[in-house]
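One letter stands for each residue in the lines below.
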Amino acid sequence: MSDARPTHDALMLLKNSVDGVKLNESHLKIIRAVMCAPGTRADLRNRSGLAASTITTEVRNLIRRYNVLEERPPGRRIHLTATNGVAVGLGVGVHRTIVVARQVHDVERRDETVDTPIADGQHWLRDTTGAVRRLVAAAGGGRAGIATIGMAVPWAVNPRDGRVSGSPPPWSCDGLDTGLTERLTPAHGKIKVLVGNDALLTANAEQLVHRSENMLFLQVSGHVLGGTLVGDRLLQGHLGLAGQLGHLPVDPHGEACWCGRHGCLEGFVKSSALMRDAIGWCDAEQLPRPRSLGDLTDRAEEGDAVCLGVLRRAAARIGQALAMACLVGAPELIVIGGEAARGLELARDWCAREMTRGEWTAKTKVVYSTASDAPANGALLLGLLGT
Ligand SMILES: [Zn+2]
């Protein structure tokens, strides 16, 4: 955390204004990229999509003329100078929500988990608003207001209006963003809550970690979705429906899926499918049933052949689907995340075996991300990036 006294208002910076002076679009792109995380000039070029010469010139202006950025140590990473304003991210799940918050100029995050299902409507709004208020007060020492809020939800979102898009799954729930705005406005002023799909937003968070230019992210949890990033471009697709990797067909004779097709990947590898498979095998073998996906994973880690077998079959299905997905975008890196990622990593060879069958995917790097707050962090970044 910086010791410097806050000098700039984060919300005004995001409105492209510093001390009453209007900045240009390149300045704003650079400021947003640094707000996401400090970085070298090369990092900022990757994240902003600006030319190297523009980065060199405008970073110098933002340091010397506007005192918005600083270099620590000199010649290395670019940081935001101290600002007043907190960025908030919500990773909304069907049963629980993770809220993260940090000062816009600081990478140190605070988090809180809300164990209220979204189906509880008003209770969810009350509990989540309480968590946001506590974290903002803690992050800002009572002085800083909310600069941005982003929300990651487990359904497709139309990027034009933030509403549920496509064929909504049964757990989808519209209006969480406007409900939050109404509750937070009296104390914090009117803040627009930006909404995006959790898998797409997690790709943003993972790109910062892995510094990869061309990346595919696959989330395996209660549902199965993916996000593609090329440079600074997150591919959202028509109506925000890009990245439906869970609906790649992996068995033409498989069960009917809610999407209208048969044998979709999601039906085999989502959390409930893994549990169903494990319970079926444990019953047949007269073994105790796993109590949760975490329990299933723990048992596989300890060498339980039945639980490991469940994860291996799922990993092979995922490998088949990823091999198909890579034919389109040829990513240099695939990140597998979501609540099943820890278990799938135990069976990583089974996924890799399917990937190496094809010429195009034999050299694609696959890594596993077990950070449970990644969707919330992706949502925080959505607020800062403003798209
Ligand atoms: Zn489907």
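Computed from a prediction, not measured in an experiment: that's the story for all the values here.

**A closer look at the overall build of the protein**
Of the regular secondary structure elements, the protein holds 14 helices and 16 strands. On C-alpha atoms alone, the protein measures out to a radius of gyration of 22 Å, which is about the 21 Å that the 2.2 N^0.38 rule sets for 387 residues. Seen along its three principal axes, the alpha-carbon backbone of the protein occupies a region of about 70 × 50 × 40 Å. In the protein, which comprises 387 residues, the share counted as buried stands at 46%.

**Focus: the packing of helix α10 (residues 293–301) against helix α11 (residues 305–329)**
With their axes 7 Å apart at the nearest point, α10 and α11 run at an angle of 110° to one another. Classed by the angle they form, the pair α10 and α11 counts as roughly perpendicular. In contact with Leu-296, Arg-299 and Ala-300 of α10, α11 contributes Cys-307, Leu-308, Val-310 and Leu-311. Residue composition of the contact of α10 with α11, by class: six nonpolar, no polar and one charged.

**Details of the packing of helix α9 (residues 271–284) against α11**
It is the contact of α9 with α11, at a shortest axis distance of 9 Å, that shows an interaxial angle of 140°. Judged on the interaxial angle alone, α11 and α9 are oblique. As α9 packs across α11, the resulting crossing turns out to be right-handed. Residue-level inspection shows Leu-274, Asp-277, Ala-278, Trp-281 and Cys-282 of α9 in contact with α11, the latter providing Val-306, Cys-307, Gly-309, Val-310 and Ala-314. Looking at side-chain class alone, the contact of α9 with α11 contains eight nonpolar, one polar and one charged residues.

**Notes on the sheet that holds strand β8 (residues 97–103)**
Reading across the sheet, the five strands line up as β9-β8-β7-β10-β11 and stay open at both edges, with mixed pairing between neighbours. Each of the sheet's edge strands pairs with one partner strand only, and the pair in question is β9 (110–114) and β11 (193–197). Neighbour-to-neighbour, the strand axes of this sheet turn through a mean angle of 20°, independent of strand direction. As paired elements, strand β7 (residues 86–92) and β8 share seven bridges and run antiparallel to each other. The residue bridging Val-86 from the neighbouring strand is Gln-103, located in β8. Sheet strands in contact with helix α5 (residues 122–140) are β7, β8, β9 and β10 (146–153), and its direction is about 25° off that of β8. Contacts from helix α7 (residues 198–210) reach β7, β10 and β11, with the element oriented near 100° to β11.

**Quick notes on the domain arrangement of the protein**
When cut into domains, the protein gives domain 1 (8–83), domain 2 (85–201 + 375–385) and domain 3 (210–370). Of note, the centres of domain 2 and domain 3, computed from C-alpha atoms alone, are 26 Å apart. Listed per partner, the contact involves 14 residues of domain 2 and 15 residues of domain 3. By residue number, the principal contributor to the side of domain 2 that touches domain 3 is α7, which donates three residues. Of the residues assigned to the side of domain 2 that touches domain 3, the class counts are eight nonpolar, five polar and one charged.

**Considerations on the pairing of strand β5 (residues 77–80)**
The alternating pattern of β5 places Ile-78 and Leu-80 on a buried face and Arg-77 and His-79 on a face that is not buried. In terms of strand pairing, strand β4 (residues 69–72) meets β5 through four bridges, oriented antiparallel. Note on β5: the bridge partner recorded for Glu-70 is His-79.

**Looking at the sheet that holds strand β16 (residues 365–368)**
In space, the five strands of this open sheet follow the order β14-β13-β12-β15-β16, with mixed pairing throughout. Lying at the two open borders of the sheet, with one neighbouring strand each, are β14 (233–234) and β16. Bridging between strand β13 (residues 224–230) and β14 involves two bridges; their strand directions are antiparallel. Across the sheet, Leu-229 pairs through a bridge with Leu-234, a residue of β14. Packing of α7 onto the sheet brings it into contact with β12 (214–220), β13, β14, β15 (333–337) and β16, and relative to β12 it is tilted by some 130°. Set on the sheet, α11 makes contact with β12, β13 and β15; between it and β12 the angle comes to about 150°.

**Some words on the nonpolar core**
Ranked by internal contacts, the top residues of the largest apolar core, which has 109 residues, are Val-88, Val-99, Met-151, Leu-265, Val-269 and Leu-344. Those residues in contact with Val-269 that sit more than four places away from it in its chain are Val-220, Val-224, Leu-274, Ala-314, Arg-317, Ile-318 and Ala-340.

**Concerning unusual backbone geometry**
Here Arg-72 and Pro-73 are connected by a cis peptide whose omega angle stands at -20°. Here Pro-73 lies in the loop between β4 and β5. Although it is not a glycine, Asp-19 adopts a positive phi angle of roughly 50°.

**Considerations on α9**
In this model α9 runs 20 Å from its N-terminal to its C-terminal C-alpha over 14 residues, within 8% of the 20 Å that 1.5 Å per residue would give. Residues of α9 that are buried include every one of Ala-273, Leu-274, Asp-277 and Ala-278, and no others. Considered in projection along α9, the buried side chains sweep an arc of 130° and stay on one side of the axis. Exposed and facing more than 90 degrees away from the buried side of α9 are Arg-276 and Asp-283. Of the surrounding elements, those touching the buried residues of α9 are α8 (265–269), α10 and α11. Looking at the residues trailing α9, positive phi occurs at Gln-286, about 55°.

The rules we used
- Along each chain, numbering runs from 1 in the same order as the chain's sequence is written.
- Selection of residues for local features in this predicted model requires a pLDDT of at least 70, selection of side-chain atom pairs for listing and counting requires 80 or more, and totals for whole chains, interfaces and linings are taken over all residues.
- Where helices and strands are cited, they refer to DSSP runs of H or I of at least four residues and of E of at least two residues respectively, numbered from the N terminus.
- Our radius of gyration looks at C-alpha atoms and nothing else; its globule reference is 2.2 Å times the residue count to the power 0.38.
- Here exposure depends only on C-beta density: within 10 Å of a residue's C-beta, 20 or more other C-beta atoms make it buried, 12 or fewer make it exposed, and intermediate numbers make it partly exposed, the C-beta atoms being placed from the backbone.
- Each axis is a line fitted through C-alpha atoms, and for a helix only the stretch in contact is used; angles between axes span 0 to 180 degrees, taken between their N-to-C directions.
- By the definition adopted for this analysis, an angle is roughly parallel if under 35 degrees, roughly antiparallel if over 145, roughly perpendicular if from 65 to 115, and oblique otherwise.
- Placing C-beta atoms from the backbone, we regard two residues as in contact once those atoms come within 7 Å.
- Residues are grouped as follows: Ala, Val, Leu, Ile, Met, Phe, Trp, Tyr, Cys and Pro are nonpolar; Asp, Glu, Lys and Arg are charged; every other residue, Gly included, is polar.
- Helix crossings are classified by the rotation of the near helix relative to the far one: an anticlockwise turn of less than a right angle makes the crossing left-handed, while a clockwise turn makes it right-handed.
- Any two strands are treated as partners once DSSP identifies two or more bridges connecting them.
- Domain delimitation in this document rests on an assignment produced automatically or drawn from a domain database.
- Note on definitions: a nonpolar core is a set of buried residues drawn from Ala, Val, Leu, Ile, Met, Phe, Trp, Tyr and Cys, linked by C-beta atoms within 7 Å.
- Multiply 1.5 Å by the residue count of a helix minus one, and that product is the helix's expected span.
- Here, the arc refers to the directions that run from the helix axis to the C-beta atoms.

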